[in-house]
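Here's the letter readout for the chains.
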Amino acid sequence: VWVQQACGRVVGSHHAYWVWVIYVVDAAIYPVLVAQYVDTMVPMSEFRRGILSTALVGMVTGINLLGTDMMVKFNTLLAAVSLAPTVLFVAIGMPRLEPERTLVAHGELDSSLLVSWILWLYCGFFSLGTLAGELEQPRRTFLISIGILFPAVLLLNTLPLAVALSLDDV
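Quick caveat: nothing in here was measured; it's all calculated off a predicted structure.

Caption draft 1: Representation of the overall build of the protein within the structure. Within the protein, the regular secondary structure consists of seven helices and zero strands. Secondary structure elements in the protein, listed N-terminal to C-terminal, are α-α-α-α-α-α-α. For 170 residues, the compact-globule formula gives about 15 Å, and the C-alpha radius of gyration of the protein, at 20 Å, lies well above that figure. Expressed as a percentage of the 170 residues in the protein, the buried residues total 12%. Considering only intrachain contacts with a sequence separation of at least 6, the fraction spanning at least 24 residues in the protein is 62%. Within the structure as shown, the protein displays about 13,100 Å² of accessible surface, and the carbon and sulfur contribution to it stands at 71%. Between the averaged position of the 8 positive side-chain charges in the protein and that of its 12 negative side-chain charges there is a distance of 10 Å.

Caption draft 2: Molecular detail of helix α3 (residues 46-65). Its 20 residues place the ends of α3 28 Å apart at the C-alpha level, agreeing with the 28 Å of an ideal helix rising 1.5 Å per residue. At the C-terminal side of α3, glycine 67 shows a positive phi close to 115°.

Caption draft 3: Broad picture of the packing of helix α4 (residues 68-93) against helix α7 (residues 138-167). Close contact between α4 and α7 brings their axes to 9 Å; oriented N to C, the two are set at 45°. Judged by the inter-axis angle, α4 sits oblique to α7. For the pair α4 and α7, the crossing hand works out as left-handed. Across the interface between the two elements, Leu83, Thr86, Val87, Phe89, Val90 and Gly93 of α4 pack against Leu156, Leu159, Pro160, Val163, Ala164 and Leu167 of α7. When grouped by side-chain class, the residues that make up the contact of α4 with α7 number ten nonpolar, two polar and no charged.

Caption draft 4: Region of interest: the pattern of salt bridges. One pass over the full model with this rule turns up one salt bridge. For aspartate 39, the salt bridge is made with arginine 49, and the minimal N-O distance between the two is 3.2 Å. Here arginine 49 lies in helix α3 and aspartate 39 lies in helix α2 (residues 9-41), a separation of ten residues in the sequence. By relative accessible area, arginine 49 is classed as partly exposed at 22%.

Cut-offs used in this document
- Residues numbered from 1 in each chain as written.
- Predicted model: local features only at pLDDT ≥ 70, side-chain atom pairs only at ≥ 80, totals over all residues.
- Heavy atoms only, no water.
- Helix = DSSP H or I, 4+ residues; strand = E, 2+ residues; numbered from the N terminus.
- Rg over C-alpha atoms; globule rule 2.2 N^0.38 Å.
- Buried < 20%, exposed > 50% of the residue type's maximum accessible area, 1.4 Å probe, protein only.
- Contact = heavy atoms within 4.5 Å.
- Areas by Shrake-Rupley, 256 points an atom, 1.4 Å probe, with all protein chains shown as cover.
- Lys, Arg positive; Asp, Glu negative; His and termini not counted.
- Charge placed at Lys NZ, Arg CZ, Asp CG, Glu CD.
- Expected span 1.5 Å × (residues − 1).
- Axes fitted to C-alpha atoms, helices over the stretch in contact; angles between N-to-C directions.
- Parallel < 35°, antiparallel > 145°, perpendicular 65-115°, else oblique.
- Left-handed = near helix turned anticlockwise from the far one by under 90°.
- Nonpolar A, V, L, I, M, F, W, Y, C, P; charged D, E, K, R; others polar.
- Salt bridge = Lys/Arg side-chain N within 4 Å of Asp/Glu carboxyl O.

As structure tokens, then:
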């Protein structure tokens, strides 16, 4: 929506199409990654990994077909379940946090890895603008979302790293 308002209908349409393509390709990767991850714990044939991937796609499609409210509830549950180990790790490790250990360098700085990590951390923010047309007050909601998510992403990615570096006996 914001691209169309800023750049016109043609550019907005191109943007919408390419965002859709990115999401289709990106979404196709995750069921395969989940199946490969499960395969490391419960060995499966390639056929069974394919069945698991297809079942995951079917499950997510079914949840989406049940409507936005169900999708939001499922995504909230998924976020809580996926963040729980990180929050637990940080909570248990915080008493042993040694901030000075995060500043000690071992070896050369890999600038390209650092830049790609930073870009990866914040690349999802553009999707907030993509959903603006679905909201009653997109400008207000977008600013509140950024105000909450930016520090949350920063903390949820740097605190576990700081705790891990503090606990590492290198």
